[in-house]
Amino acid sequence: MWKTILRRVLIMIPELIILSVLVFLMAKAMPGDPFTGQINPKDSLTQIHHLMRINGLYDPWYEQYWHWVVHLFHGDLGTSYEYQEPVTRIIAQRAGNTLWLALLTMILTYVIALPLGIYAGRHEGHLQDTLVRIYTYATMSVPFFVVLVLGSWIFGYGLNWFPTSGSVSPTASGFLPVLLSRLGHMILPAVLGALFATSSITQYLRSGIIDAKHSDYVMTAQSKGVPMKAIYKHHIFRNALLPIAAFAGYSITGLLGGSIFVEQIFSYPGMGLLFLNAINYRDYTVITALVLLYGFLNLMGTLLSDIALSAIDPRVRVK
Amino acid sequence: MAKQFLDIKDVNTSFEMDGKYYNAISDINLHVNSNEFLAVVGESGCGKSTLAKTIMGLHDPAYTKISGQVDFEGHDLLKMSEKQLNHYRGSKMGMIFQDPLSSLNPLKKVKDQISESLDYHTKLNSKQKNDRVIKLLGEVGIDDPKLIANEFPYQLSGGMRQRVLIAIAIACEPDLIIADEPTTALDVTIQAQILDVLRKIRKENHSSIILITHDLGVVADTADRVAVMYAGQIVEVGTVQQIFEHPLHPYTRSLLRSMPELNTTSDDLYVIDGQVPSLKKMPKTGDRFAPRIPWIKASEHEKNPVMHDVGNEHFVRCSCYKHFYFPDQKKVSENNG
Ligand SMILES: Nc1ncnc2c1ncn2[C@@H]1O[C@H](COP(=O)(O)OP(=O)(O)O)[C@@H](O)[C@H]1O
Ligand SMILES: [Mg+2]
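Residues numbered from 1 in each chain as written. Chains lettered and ligands numbered in written order. Predicted model: local features only at pLDDT ≥ 70, side-chain atom pairs only at ≥ 80, totals over all residues. Heavy atoms only, no water.

You'll find chain B entered in an unreviewed UniProt entry as Dipeptide/oligopeptide/nickel ABC transporter ATP-binding protein, with Philodulcilactobacillus myokoensis given as the organism. Here chain B is described in UniProt, under the heading Sequence similarities (unreviewed entry), as follows: "Belongs to the ABC transporter superfamily." (UniProt positions renumbered as here; feature names shortened; annotations may be inferred.)

Per an unreviewed UniProt entry, chain A goes by the name Peptide ABC transporter permease and belongs to Philodulcilactobacillus myokoensis. Looking at chain A in UniProt, the text filed under Subcellular location (unreviewed entry) is "Cell membrane". UniProt lists a comment for chain A under the heading Sequence similarities (unreviewed entry), and it reads "Belongs to the binding-protein-dependent transport system permease family."

Enquirer: Any chance you could explain the overall build of chain A here in plain terms?
Expert: Within chain A, the regular secondary structure consists of 13 helices and 0 strands. If you line up chain A on its principal axes, its C-alpha atoms span 85 × 55 × 40 Å. With 319 residues in all, chain A has 40% of them scored as buried. Within chain A, residue pairs in contact and separated by at least 24 positions form 70% of the contacts whose partners lie at least 6 positions apart. Total accessible area on chain A is roughly 17300 Å²; 69% of this is exposed by carbon and sulfur atoms. Counting 21 positive and 16 negative side-chain charges, chain A places the averaged centre of each group 13 Å from the other. (Helix = DSSP H or I, 4+ residues; strand = E, 2+ residues; numbered from the N terminus. Buried < 20%, exposed > 50% of the residue type's maximum accessible area, 1.4 Å probe, protein only. Contact = heavy atoms within 4.5 Å. Areas by Shrake-Rupley, 256 points an atom, 1.4 Å probe, with all protein chains shown as cover. Lys, Arg positive; Asp, Glu negative; His and termini not counted. Charge placed at Lys NZ, Arg CZ, Asp CG, Glu CD.)

Enquirer: Explain empty space enclosed by the protein to me, please; I cannot follow it from the model alone.
Expert: Over the atoms rolls a probe the size of a water molecule, and its path tells where empty space is left. Here the structure, examined in full by the defined rule, presents 1 cavity of 30 Å³ or more. Reported here for the largest cavity is a volume of approximately 40 Å³. Looking at the largest cavity, the residues that line it are Ser223 and Lys224 of chain A together with Gly90, Gly94, Met95, Ser117, Ile168 and Ala169 of chain B. The set of elements that each furnish at least two residues to the lining of the largest cavity consists of strand 6 (93-96) and helix 6 (158-170) of chain B. Its residues assigned to classes, the lining of the largest cavity comprises 3 nonpolar, 4 polar and 1 charged. (1 Å grid on protein atoms, 1.4 Å probe; cavity = no way out; pocket = protein on both sides within 12 Å on 5 of 7 lines; lining within 4 Å. Points joined across faces, edges and corners; volume = space filled by probe spheres on them. Nonpolar A, V, L, I, M, F, W, Y, C, P; charged D, E, K, R; others polar.)

Enquirer: Teacher, can you tell me more about the UniProt feature "domain: ABC transmembrane type-1" (unreviewed entry) in chain A here?
Expert: Summarizing the sequence annotation, UniProt attributes the feature "domain: ABC transmembrane type-1" (unreviewed entry) to residues 95-305 of chain A in the numbering used throughout. A distance of 22 Å separates the end C-alpha atoms of residues 95-305 of chain A, which is 82% helix and 0% strand.

Enquirer: What is the right way to read the UniProt feature "domain: ABC transporter" (unreviewed entry) in chain B from this model?
Expert: UniProt's feature table lists "domain: ABC transporter" (unreviewed entry) at residues 6-256 of chain B, given in the numbering used throughout. As annotated, residues 6-256 of chain B has a helix share of 36% and a strand share of 28%, and its two end C-alpha atoms lie 27 Å apart.

Enquirer: How should the nonpolar core be read in this particular structure?
Expert: Generally speaking, nonpolar side chains in soluble globular proteins are found buried as a group. Counting residues in each nonpolar core, the largest one holds 93 residues, and the members touching the most others are Ile55, Ile114 and Ile210 of chain B. Among all residues touching Ile210 of chain B, those that are not within four sequence positions of it are Leu6, Val32, Leu38, Val40, Ile55, Leu176, Ile177, Ile178 and Ala179 of chain B. (Core = buried A, V, L, I, M, F, W, Y, C linked by side-chain atoms within 4.5 Å.)

Here is the structure:
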């Protein structure tokens, strides 16, 4: 087990190196230079060349890469041109918002998907199953942004049940009011995000339960005289649920991707909104840092899922 | 004198397909004596597994209809509630399945899968259960039981997995063990070892064994009696001697003739043309095997074939056996005549 984890973590090192090289080269390939906007327009082109030279921008790419990595390890991702602040600070202010929203979305997703999937799988082919399947097809066939726009329009602007922008009310003060206000801002986007994410997990769980139900090992358990209730608990649910629980790590990718839509539509100040703004303003240092961070979080998510899966399923450990 | 402790009477099992029920086994009458080794043979699709699952109560009632009676030590298994049946399954009767890999839970250790049976039928504490698991693994011929007990199914070979399944089935020393093609998925040498284990269990635990197989070759030196099934019906029942030395039903004779072991020269190997009809294509009347022996005149078959007692508990379905011959034998007799 520990060997598997160690091996899996070691594999991540080359992945991280490749990711950082790609991000670095992408940043290099972006048009423009970092100084034109910062210096006095009267200064000459030679002045810019001079700045480029003393900042090492004419060095070979691998030397520049090395400098960049060293800075990275010191927590220095450069300064945002747009905000005139260290990139790390800007991201730190917003990362929390995104991560809390993602966490809430994920919890809601599983809270909705698990009972639905189990219910449908258990009553395979019956009315209950059909209803759940209609729900999953419906949520799957409507594009995500339509769900978001409609949701914010109906429950935000129309019914006025939830705020439609920001992450916390500026008038809230004190621990509890701030917490409640934050939750209030997150709940609608989280529910809408969860509605969208449930369909695949529900279906996955449903078919997992149906497969397990018809498996030969369930028949073996029946032939031992194990009551059906206990078979569901020890064989069917266990075998169908564990891979899904482990799946949570992989779903980080989807959540982060989704956060770009969600935060834009709900003007929610997180990394997704920051990313879109950075693209609008060509704020390259921020873009680079965020791409790197997204890539890193995805790798971590996969790592978590892989470790969880190998803990659950002994067959995964051999590979 | 051996007593009939399993008595199957007029059992029919049908499955629902597209809203209609189709019979998979029909009019099964068969008994098993205590401490007897009964073989059930027939090609794949003849209803052998359906019969085994009917006895064990493993069919999904949502799409299966079962009629008749399965008396086990005087109680009708078909009338029992799921709860009553669970007292019998595992403790009084155990089953061994064909595919040893898929029949074991991939996520559970061998010892947990064996002791699950002990959980429901014994009051042993966990230490005693552990000891029993190790002992059982030894009994089924596993050399290093302590090591194997802690392995997962994927870590074992096919033969080992089948031994584990046998250990599960015999955990509570049941009186009846049904082994559904336990050796089909294994190589020949392992097959022989598994059969040895079954013979040993039968001797030491005094249990009765129903061995289901499509391979008559494994039957001759293992079973006491043989039931031959074709297309959901029993077509012949008798002792091993009766079946091997005086086979009557055309299907039994065809099966025996197509056994490679009995026909040393390969060009002599007999092949039964055609195939077992599917449930939806099952003939309603007439001898179900007739289409595969078209050289036998239709008038030789009974309209609704019934079982005939030919003496000494040897039974055969349909009187066509009296007129049956193989095509090549016919030629010989014609030339002579
Ligand atoms: N659950 C089921 N639903 C529908 N048909 C079935 C089912 N199980 C078995 N059958 C059919 O019943 C016949 C007998 O199958 P089976 O008992 O598995 O035969 P055997 O074990 O002798 O190979 C086959 O035609 C098979 O397709
Ligand atoms: Mg079968």
